[in-house]
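For reference, the chains in residue letters:
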Amino acid sequence: MTLPPAARRAVCPGSFDPVTNGHVDIIARAARIYDEVFVAVFVNPSKAGLFSLDERMEMLAEVTPQWPNVSVTSFQGLVVDFCKSNNVGVIVKGVRAVSDFDYELQMAQMNYGLAGVETLFMPTNPVHSFLSSSLVKDVAKWGGDITGHVPEPVAERLVARLRES
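Residues numbered from 1 in each chain as written. Predicted model: local features only at pLDDT ≥ 70, side-chain atom pairs only at ≥ 80, totals over all residues. Heavy atoms only, no water.

This paragraph deals with the overall build of the protein. For the protein, the helix and strand inventory stands at six helices and five strands. Taken from the N to the C terminus, the helices and strands of the protein come in the order β-α-β-α-β-α-β-α-β-α-α. The C-alpha radius of gyration computed for the protein amounts to 16 Å, which stays within 12% of the reference 15 Å derived for 165 residues, consistent with globular compactness. Dimensions of the protein, computed from the C-alpha atoms along their principal axes, are close to 50 × 35 × 30 Å. The buried share of the protein, taken over its 165 residues, is 43%. Pairs at least 24 residues apart make up 78% of the contacts formed inside the protein by residues separated by at least 6 positions. Total accessible area on the protein stands at roughly 8900 Å², and carbon and sulfur atoms take up 55% of it. Within the protein, one finds 14 positive and 18 negative side-chain charges whose respective centroids are separated by 2 Å. (Helix = DSSP H or I, 4+ residues; strand = E, 2+ residues; numbered from the N terminus. Rg over C-alpha atoms; globule rule 2.2 N^0.38 Å. Buried < 20%, exposed > 50% of the residue type's maximum accessible area, 1.4 Å probe, protein only. Contact = heavy atoms within 4.5 Å. Areas by Shrake-Rupley, 256 points an atom, 1.4 Å probe, with all protein chains shown as cover. Lys, Arg positive; Asp, Glu negative; His and termini not counted. Charge placed at Lys NZ, Arg CZ, Asp CG, Glu CD.)

In this structure, the amide linkage connecting Asp 17 to the following residue, Pro 18, adopts the cis form with an omega of 5°. Along the polypeptide, Pro 18 turns up in the loop between strand 1 (9-14) and helix 1 (21-33). The phi dihedral of Phe 16 falls on the positive side, at around 50°, and the residue is not glycine. As for its position among the elements, Phe 16 is in the loop between strand 1 and helix 1. You will see that Asn 87, though not glycine, has its phi angle at about 55°, which is positive.

What follows is about the pattern of salt bridges. Within the structure shown, the criterion is met by 11 salt bridges. Here Lys 137 makes a salt bridge to Asp 17, at a shortest N to O gap of 3.2 Å. With Lys 137 in helix 5 (residues 133-141) and Asp 17 in the loop between strand 1 and helix 1, this residue pair connects regions lying 120 residues apart in the sequence. Linking Arg 157 and Glu 58 is a salt bridge whose minimum nitrogen-to-oxygen distance equals 3.3 Å. Here Glu 58 lies in helix 2 (residues 53-63) and Arg 157 lies in helix 6 (residues 152-164), a separation of 99 residues in the sequence. With a relative accessible area of 26%, Arg 157 lands in the partly exposed category. In this structure, a network of salt bridges that share partners links the residues Glu 55, Arg 161 and Glu 164. (Salt bridge = Lys/Arg side-chain N within 4 Å of Asp/Glu carboxyl O.)

Given below as structure tokens:
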């Protein structure tokens, strides 16, 4: 059975402010499953990020070159509109805990109802189960060691950014 093109393309959406090792793990696993994976940095005008959209995209491009089927892009609006515009059939979401699943299930059901786009829930590697961009920023802000939680170039940028402010 041959899958339709949309079924071989997936999107990993997020704000990635900053990208963590947990994000990279989900992206890498999705890249092994799908022919093409878009890492879509979604713009939320009501949220002020620590890093600009361009900086987040640069960091993602820096930490994903080993997967030639992964491309980094951005989008504002509904993830299903991104999927329709790019012929993407699957949204890949990492889930860390039951609380993530409760929220993501509602989103998945809405996305399916709006556009028939499927969602694949990928359990986070237990090593990264507690990890979030917010937590990493908080630890870095107070001088904690984040090197095991974000890729090296991201750690360098984060520490430099926090020094500036």
